[in-house]
Structures are given as C-alpha cells and as structure tokens.
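Below are the chains, spelled out letter by letter.
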Amino acid sequence: MLKDITFGQYVETRSPIHRADPRVKLVLLILAVVFIFLSGNFFSLMLSLAFVLATILVSRIPLKMYLKNLKAVLPIIILTSLINMFYGDEANGVLVSFWKLTITYDGLYRAFFMALRIILLIIISSSLTYTTTPNDLTDGIESLLSPLKFIGLKSAVHTLALMMTIALRFIPTLVEEAGKIMNAQKARGADLESGSLKERIKALIPILIPLLISSVRRAYELAEAMECRCYNGGEGKTRMKQLKISSIDFCLIGFSALFCAGIILLNIYF
Amino acid sequence: MAILQVKNLTHTYGGNTPFINDAVRDVSFTVEKGEILGIIGHTGSGKSTLVQHLNGLLKPTQGEIFIEDTNIWDNPKEIRKVRSQVGLVFQYPEYQLFEETVYADIAFGPKNMGLVGEELQKRVRETCKIIGVKDEFLEKSPFDLSGGEKRRVAIAGVMAMNPQIIVFDEPTAGLDPKGREEIIDVIYNYRKATGATVIIISHSMEDMAQIADKLLVMSRGSLVMFDKTENIFKNGDKLRQIGLNVPIVTRVFDILKEKGYSLPDDIFTVERAVEVLNKIKAGDLNA
C-alpha cells in the first residue's frame, strides 16, 4: 500500500529531459496541462496522446512506473467516466436505457474522452517529478517566483521554496517511518486490514500518533541542525549550481511549441 | 526440538521497479526451543529483512518458514496468529508508544490477541514484574518517561503477548552503558521466567558474547556462518574479512597471545577474562 506512493520519487535515467532546466520543465508542464485540457476533439486528443507518449519515450522511464501512479487515482477516473456515460446527447443513439438512466453512444465517447484526458494529465505531471530532483524543482520554483520580490515579498519567495524543499524531502522519510510503525503495530497484533469502517479508522490511531510525534521531533531536530549551520534565510545567499538554459531546453521548447500549435490548429479545423 | 526452521529463504525487494534488490538470499537455519540466537552483520546485510519474515510481516519471495513444523504461510488468513507466537521488537521500539498510559500501551498487544478483563490485567502485571516496570509507572503517560524506561515499556508491550519466540532488532541501540546492561538483563530474565526462545540482532559483539548461545553471521544478504558463539569468535579472521570483529576483550587477549603468552582461546567476556587473570595471579598459569 505505502510502497505504491511514488509521488516525488526521482528516477535517474540520464535522459535529455533529466538534463533540462527545471524552470523550462515547469513552464512547459503548465503549458502541456493547459493544452491537454484544451484538446476538445478526437484529433487534438490523439495529438496530446502522441505528445505524452513521446515524453515517456524520451524520459527513458519504464511505462510501468507511470502506470503505478495511475493506480492511486483510478477511483477518480472510474467515477468521472461513469458519470459522463449518462450525460450524452440522446439524439446520437441510445445504447441501453434502464430506470431513469440512459447510456448513449455520445456518453460513452465522452467517458472515454475524459478518462484518457485525466490519464494523460497524470502521466505528464509525474514525468516532471520523475525527471527532476526535488532540489532542482524548488530551485526552479524559487527562480520562477522571484519576480514577487519586487512587490515586497522578498523573504516570502525563499521561505516558500525552502518549505517546499523540506516537505518534498520528507515525503519518503515519512512514508518509510509510517511503514515501520505499521509493521511494529502489526507485530503487536494490530489488525489494519479488516473490520468495519469505524474499526479501521480506530486502528489508525496507533499509527498516526507515533507518526505525528516523530514528525514534530524531526522538525525540531532539523531546525536545530539548520541553526547550527548558521542558516539565516535567503539574504545574500549565492548558489553552487546556477540554472542555465541550454540547447536541450530549446529543443524541448520547440517541441512543445509544435504541440501547442498542433492542438490549436486541430481545434480550429475539426 | 526445533521450534523454528527457515528453509532456503530468499527475499527480493521492488520486484517490478528499477529499484530491484535481493535483500536476503537462500538462507537456511534451525533454532532449538529455549535457545538464544544472535544475528550479526553489517548495516544492510539483510538482518532486519530476515527477522521480519519470522512473524509473517514479509512474505518470502522463495523458501519456507516453519514454526513447530507448521509452515506459517499454509493459511495466509491466519497470519495474525503467528504474530502472537513470534513477538518482534523493532529498532527504537519507544517510537511506537501511543497510548495515554503505560498500562494501556503494554495491554495493546494482549488485547489484540483477545484477552480481556482480569486475564488482561494479570498478564500486564506479570510481564511488568518480570522486566521490572514499577507499578507507579503504569498510570503515567509513556511520553513522560526517560529514554531507557520508554524502551523497557515498549519491550514489555511485546513480551506481554507471551510469544514462544521473541525477536529483538538491536534492542540496545542508542542507550548508555547502564541502559544497555538493563535491557540485556530484561531479556535474560524474561527468558528465564518463560523459557521462550530468543533471537537478537545486535552490532555489539560484547552483548552477543554475554548472552547468545549461537550466532548467525549475515553478509550481503547471505548466511556466511552459523555456529556456537565461541566457535564463531574463535574464527576472528573470517569475521574481520566481512568487516566485523570479535569482542574487544578477545582482541586484547589475542595481542597478548601474539606476544608469546600462553592463554586460553575462549575469552569473550570481561567476566571470563577476570576469572582467567585471577587464576594466573594465583599461580595457576595454565588457566
């Protein structure tokens, strides 16, 4: 169960996408998400599919890893497509009809459309965390947010970025910790897998309390360690690794621009 | 009688991901009833993975585990019963305390086994007596105790389930010398009072020399040595090859032997060293 959480997990394959600038990747991801949402007909959605498949190929990360991320949102995908199934135009033909519900061909098509769209969105989003280390990612975010400095939020940008780095950094640690605590309570006979909903919620208490306590303990330890190393915020801090736009980034930008243009054209002509 | 048999156990982590990793490879051994078995090995040698199989927290990728001649995975739905037969005390068990009182926390395990009322109370009090948790502690919050006391309460929580086999994963890690000694005593007293079989993972060769009947040495997921404690410690060179060592007192005596003194080769604890040295002092040089 906990092993399935892959969010924030970085997979090193040294692909071109890995080497690209995190700022570029972030902006392109936002663009890609917007344009996958904009793909309003069959052809533009297929172009989105092709774009996502190309991303998977170039990232050199096994498809399995991407599919694992989908497992967590499967209920949402199924629910959305189920609901969409009943909201079709009956003029285009009715498949089955029972009680007050009708499934139309139009509805089926919509359900498929929505499901594919969600799947594409999730895969393209996970490609960012798979190919970018948490540190690069926050550096990118900090750099992109830096214009906020000019409207009087000088320390906020750095603090925000730091908070994100720490949060991302501690996701795997907390997952590991939760796993350990679960095992320990299971070893003491705790039953986490069966029982009514109420019993299951109660069974979480022996896990949540120790987890909460250890998070607070970790927060204190981290704060102390940072103070010991003279941390005093972002003031005057320079970077060891400077972010630079390279030829890879221009390739990615060009590729994505083609994709966006393609979506716009397909949306207009079909 | 063999209470525990492990046959050709292999465990692979992350089977379908790029993070694939053989944590335990083809390990077989038997533990007799009432024995104290020590497991030593480097960090990442697969010790913790190995012991998590013994109570069914992990399922072997290959191989079998028998407790009193019953394969624990014969009936996967009953795996929780195995957990009351084989108690497992994890590393830093004090981080798993959660109840409002020490009593409630120790009672968590027995309660999960279905004990109620007077029986439950009796069980908790008996365990506390054996391992020396004072009565006045029982109504305190476990979070108000000192580090060593917390550890003791957490261990009591597993012992209160009355397991036939109890496994400790580095029970003395992070404790001061007095705390270490106390925990070793707790384990020893528990064994004496209940006759349970004990398995201990430890990095401390001194602790092992003191308490273990047999030692199992792991290196890179494989079992490399499995013998009586004295036979393992007589084999210092092989231990050093895999980055482990013999107890410090044995090293001192090894150096003395190199210098030409004739001394026995079974000195693994300070007590035994004192005994031998006293004999030499009394004139009996062949001690």
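What follows covers the overall build of chain A. Along chain A, the regular secondary structure elements total nine helices and two strands. For chain A, the α and β elements follow one another from N to C terminus as α-α-α-α-β-β-α-α-α-α-α. Against the compact-globule benchmark of 18 Å for 270 residues, chain A has a radius of gyration of 23 Å, which places it well outside the compact range. With the C-alpha coordinates of chain A rotated into their principal frame, the extents come out at 70 × 55 × 40 Å. Counting every position in chain A, which comprises 270 residues, the buried fraction comes to 38%. For chain A, contacts bridging at least 24 residues in sequence account for 75% of all contacts bridging at least 6. Entry remark: accessible area of chain A is about 16,200 Å², with carbon and sulfur atoms responsible for 70%. Of the charged side chains in chain A, 28 are positive and 19 negative; the average position of the first set lies 3 Å away from that of the second.

Before going further, it helps to examine the overall build of chain B. Looking only at helices and strands, chain B features eleven helices and ten strands. Its C-alpha atoms give chain B a radius of gyration of 20 Å, near enough to 19 Å, the size a compact globule of 287 residues would have. Along the first, second and third principal axes, the C-alpha atoms of chain B reach 65 × 50 × 35 Å. Looking at chain B as a whole, 51% of its 287 residues are labelled buried. Long-range pairs, those at least 24 residues apart, make up 63% of the contacts in chain B with a sequence separation of at least 6. When the 35 positive and 40 negative side-chain charges of chain B are each reduced to one mean point, those points stand 1 Å apart.

The strands that make up a sheet are held in pairs by hydrogen bonds between backbone atoms, and each pair lies either parallel or antiparallel. Residues and elements named next belong to chain B. Ordered by their spatial adjacency, six strands build an open sheet running S6-S7-S8-S3-S9-S10, and the pairing between neighbours is mixed. If you trace the sheet from one side to the other, it starts and ends with strand S6 (86-89) and strand S10 (222-228), each paired once. The average undirected angle you get between the axes of adjacent strands in this sheet is 15 degrees. Both strand S3 (residues 36-41) and strand S9 (residues 214-219) contribute to a ladder of five bridges, which runs parallel.

A few words on the side chain of Ser44 of chain A. Within the fold, Ser44 of chain A resides in helix H3 (residues 42-59). Not counting the four nearest positions on each side in its chain, Ser44 of chain A is found in contact with Ser39, Ile263, Leu266 and Asn267 of chain A.

To continue, consider the layout of surface pockets. Residues and elements named next belong to chain A. In this model, the second largest pocket occupies a volume close to 670 Å³. As for the second largest pocket, its lining consists of 23 residues, and the residues nearest its centre are Asn135, Leu162, Thr165, Tyr231 and Lys237. Residue assignment for the lining of the second largest pocket shows that the elements contributing at least two residues are helix H6 (134-145), helix H7 (154-187) and helix H8 (197-228). When residues of the lining of the second largest pocket are assigned to their parent elements, the largest contribution, seven residues, is made by H7. Taken together, the residues that form the lining of the second largest pocket break down as ten nonpolar, six polar and seven charged.

Time to look at the confidence of the model for chain B. On average, chain B scores 88 in pLDDT, and the residues at 70 or more come to 95%. Mean pLDDT per element in chain B: helix H2 (residues 79-85) of chain B is the minimum at 86, and strand S8 (residues 197-201) of chain B is the maximum at 94.

Let us look at the domain arrangement of chain B. All names here are of chain B. Each domain of chain B was delimited in the assignment, giving domain 1 (2-235) and domain 2 (247-287). Listed per partner, the contact involves seven residues of domain 1 and five residues of domain 2. Between domain 1 and domain 2 the total buried area reaches about 580 Å² when both faces are included, carbon and sulfur atoms providing 73% of it. Summed over the three residues of domain 1 that lose the most area to domain 2, namely Glu206, Phe233 and Lys234, the buried surface amounts to 59% of that side. The interface formed by domain 1 and domain 2 contains zero salt bridges. Connecting domain 1 to domain 2 are one residue pair in polar contact (both at pLDDT 80 or more). Residue assignment for the side of domain 1 that touches domain 2 shows that the elements contributing at least two residues are helix H7 (205-211) and helix H8 (229-233).

For an interface, size is often stated in terms of accessible area lost upon the parts coming together. On the chain B side, the residues contacting the 23 residues of chain A number 23 residues. When the two sides are added together, the surface that chain A and chain B hide from each other amounts to roughly 2,000 Å², 63% of it contributed by carbon and sulfur. Run the count over chain A and chain B and you get two salt bridges. As a salt-bridge pair, Asp191 of chain A and Arg80 of chain B come within 3.1 Å of each other at their nearest N and O atoms. Seen at the junction of chain A and chain B, the total is six residue pairs in polar contact (both at pLDDT 80 or more). Secondary structure elements with two or more residues in the side of chain A that touches chain B: helix H4 (63-85), H7 and H8 of chain A. Across the side of chain A that touches chain B, the residue classes break down as 13 nonpolar, four polar and six charged.

Before going further, it helps to examine the nonpolar core. If you look at the biggest cluster of nonpolar residues, it comprises 49 residues, and the most contacted ones within it are Ile106, Phe168, Phe233 and Leu239 of chain B. With six residues, helix H5 (residues 147-159) of chain B is the largest single contributor of residues to this core. Excluding anything up to four places from it in sequence, Phe168 of chain B contacts Val89, Ile155, Met159, Ile187, Val198, Ile199, Ile200 and Ile201 of chain B. Counting 32 residues, the second largest nonpolar core, distinct from the first, contains Met65, Ala115, Ile122 and Cys260 of chain A.

Take the packing of H5 of chain B against helix H6 (residues 177-194) of chain B next. All names here are of chain B. Following both chains from N to C, one finds H5 and H6 inclined at 20 degrees, their axes separated by 11 Å at the closest point. As judged from the angle between their axes, H5 and H6 are roughly parallel. By crossing handedness, the relation of H5 to H6 is classed as right-handed. In this structure, H5 contributes Arg151, Arg152, Ile155 and Met159 to the contact, and H6 contributes Glu182, Ile183, Val186, Ile187 and Tyr190. Class assignment for the residues of the contact of H5 with H6 results in six nonpolar, no polar and three charged.

Taken as a whole, this structure holds nine aromatic pairs over all chains when the rule is applied. Seen from their ring centres, Tyr92 of chain B and Tyr95 of chain B are 5.8 Å apart, and the 15 degrees between their planes marks the pair as stacked. Taking relative accessible area as the criterion, Tyr92 of chain B reaches 32% and is therefore assigned partly exposed. For Tyr95 of chain B, a relative accessible area of 35% translates into the label partly exposed. Following the ring pairs from residue to residue traces out a cluster consisting of Phe51, Phe255 and Phe259 of chain A. Lying across the ring of Tyr95 of chain B, Arg217 of chain A places its NZ or CZ 4.0 Å from the centre.

Calculation rules
- Residues numbered from 1 in each chain as written.
- Chains lettered and ligands numbered in written order.
- Predicted model: local features only at pLDDT ≥ 70, side-chain atom pairs only at ≥ 80, totals over all residues.
- Heavy atoms only, no water.
- Helix = DSSP H or I, 4+ residues; strand = E, 2+ residues; numbered from the N terminus.
- Rg over C-alpha atoms; globule rule 2.2 N^0.38 Å.
- Buried < 20%, exposed > 50% of the residue type's maximum accessible area, 1.4 Å probe, protein only.
- Contact = heavy atoms within 4.5 Å.
- Areas by Shrake-Rupley, 256 points an atom, 1.4 Å probe, with all protein chains shown as cover.
- Lys, Arg positive; Asp, Glu negative; His and termini not counted.
- Charge placed at Lys NZ, Arg CZ, Asp CG, Glu CD.
- Pairing = 2+ DSSP bridges.
- Axes fitted to C-alpha atoms, helices over the stretch in contact; angles between N-to-C directions.
- 1 Å grid on protein atoms, 1.4 Å probe; cavity = no way out; pocket = protein on both sides within 12 Å on 5 of 7 lines; lining within 4 Å.
- Points joined across faces, edges and corners; volume = space filled by probe spheres on them.
- Nonpolar A, V, L, I, M, F, W, Y, C, P; charged D, E, K, R; others polar.
- pLDDT = per-residue confidence, 0-100.
- Domains from an automatic or database assignment.
- Buried area = accessible area lost by both parts, 1.4 Å probe.
- Salt bridge = Lys/Arg side-chain N within 4 Å of Asp/Glu carboxyl O.
- Polar contact = N/O pair within 3.5 Å; in protein donor to acceptor, adjacent residues only side chain to side chain.
- Core = buried A, V, L, I, M, F, W, Y, C linked by side-chain atoms within 4.5 Å.
- Parallel < 35°, antiparallel > 145°, perpendicular 65-115°, else oblique.
- Left-handed = near helix turned anticlockwise from the far one by under 90°.
- Phe/Tyr/Trp six-rings, centres within 6.5 Å; stacked < 30°, edge-to-face > 60°.
- Lys NZ or Arg CZ within 6 Å of the ring centre and 35° of its normal.

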